Protein chains: 2
Amino acid sequence: MVSTPVPDPKMLDCPALVTIQLVSGKWKTRVLWHLRQGGAGFGDLRRAMPGISAKVLTEHLDALVADGLLARTESLEGKVLHTRYRFSDYGFTLIPVLDALGSWGLNHAERAAGHRFP
Amino acid sequence: MVSTPVPDPKMLDCPALVTIQLVSGKWKTRVLWHLRQGGAGFGDLRRAMPGISAKVLTEHLDALVADGLLARTESLEGKVLHTRYRFSDYGFTLIPVLDALGSWGLNHAERAAGHRFP
DNA sequence: CAGAATCCTTATGGATACTG
DNA sequence: CAGTATCCATAAGGATTCTG
């Protein structure tokens, strides 16, 4: 997944697509969802998302940072490099939208499964 | 794009993804956005989205119907077949979510372009 | 630890021609 | 009009190995 720094003006006839491009993809949504609960390191994110490869995680994190949604800080602890990703101030404005997606999706999953999830 | 009739239970650790899967894709979002303004026929949608092929439009409409978001009705007017797509009652519940995506996206596009869009 | 580099598989979307 | 049927192009994602 690559970033969309400046959305194509043609996309303005469907502004919802602008947002979709930024947050969609198999892993991007999960990264954002996870970071809603607070910042996390690269390894935290990998462990939180079994199956993702370092390459793909890097690509998505880079895109999210390039789009201004995430902030990244490096720190050298001893000899080990630690990176931390969290929502930027601007990225925070997206959280209500993610919440809306989440609560609709939860309801939909319950409905589709016949309310088998308590 | 194919439909996701029953979301994978594993996806419940990121319910936002459930919604994303249903509405994302280059054309699915546009179809939904267009239909917010009312029902439309197959040809209306094609004309409204220059560049889409009949095959792709069909696939996406089928998926949206299979997912319960859209309703479809056929009518025979004379010898010509008319099909009409519109939001189902259930699909209507998604509109506030689409609106949230749209208004955030509009704001983002303006911001990214330096507020060049009045 | 946090990636970069490389190569590979598959999903998504597209072009064209044809049909009920 | 509203699609189907084929075949094709590209991009998203994945596996593996290596490095600062």
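Note that residues are indexed from 1 along each chain, following the sequence as it is written. Chain letters and ligand numbers both follow the written order, the letters beginning at A and the numbers at 1. Since the coordinates come from a predicted model, pLDDT governs what is reported: local features require at least 70, and pairs of side-chain atoms require 80 or more to be given and counted, while whole-chain, interface and lining totals use all residues. Derived side-chain values reflect all non-hydrogen atoms in the structure, with water molecules and hydrogen atoms excluded from consideration.

A. Inspection of the interface of chain A and chain B at higher detail. By definition in these notes, contact holds between two residues if any of their heavy atoms fall within 4.5 Å. The interface is formed by 40 residues belonging to chain A together with 40 residues belonging to chain B. Two parts placed together each lose some accessible area under a 1.4 Å probe, and the buried area is that loss summed for both. Summing both partners gives a buried area of about 3,600 Å² for chain A against chain B, and 77% of it is carried by carbon and sulfur. Taken as a group, Tyr90(A), Leu101(A) and Trp104(A) account for 20% of the area that chain A buries against chain B, more than any other trio of residues on that side. A pair is scored as a salt bridge if a Lys or Arg side-chain nitrogen falls within 4 Å of a carboxyl oxygen belonging to Asp or Glu. Across the chain A-chain B interface, the total number found is zero salt bridges. For this analysis, a polar contact is any N or O atom pair within 3.5 Å, provided that within protein one partner can donate a hydrogen and the other can accept it, and provided that sequence-adjacent residues contribute only side-chain to side-chain pairs. Summed over the shared surface of chain A and chain B, the number is eight residue pairs in polar contact (both at pLDDT 80 or more). Here a strand is any run of E in DSSP of at least two residues, a helix any run of H or I of at least four, and the numbering for each starts at the N terminus. Of all the secondary structure elements, the ones that give two or more residues to the side of chain A that touches chain B are helix 1 (15-23), helix 2 (28-35) and helix 6 (95-112) of chain A. Residues are grouped as follows: Ala, Val, Leu, Ile, Met, Phe, Trp, Tyr, Cys and Pro are nonpolar; Asp, Glu, Lys and Arg are charged; all remaining types, including Gly, are polar. Split by residue class, the side of chain A that touches chain B holds 26 nonpolar, nine polar and five charged.

B. Local environment of the sheet that holds strand 3 (residues 80-87) of chain B. Residue and element names in this part refer to chain B. Strands were regarded as paired on the criterion that DSSP finds at least two bridges between them. Taken in spatial order, the three strands make up an open sheet running 1-3-2, and their pairing is antiparallel. Pairing within the sheet leaves two strands with one partner each, and these edge strands are strand 1 (40-41) and strand 2 (70-77). The strands that helix 4 (residues 54-66) touches are strand 2 and strand 3; relative to strand 2, the one it contacts most, it runs at about 120°. Each axis is a line fitted through C-alpha atoms, taken for helices only over the stretch in contact, and angles between the N-to-C directions span 0 to 180 degrees.

C. Spatial organisation of the relation of the copies chain A and chain B. When the copies are superposed, the least-squares fit draws on C-alpha atoms of residues that have pLDDT of at least 70 in both. Of the transformation superimposing chain A on chain B, the axial component is 0.0 Å and the angular component is 180°, with the fit at an RMSD of 0.0 Å. What the rotation and shift describe, once combined, is the action of a two-fold rotation axis. Among all residues of chain A, the minimum C-alpha distance to the rotation axis is found for Ser24(A), at 3.4 Å. The share of interface residues of chain A whose copies in chain B are also at the interface is 100%, consistent with both copies meeting through the same surface.

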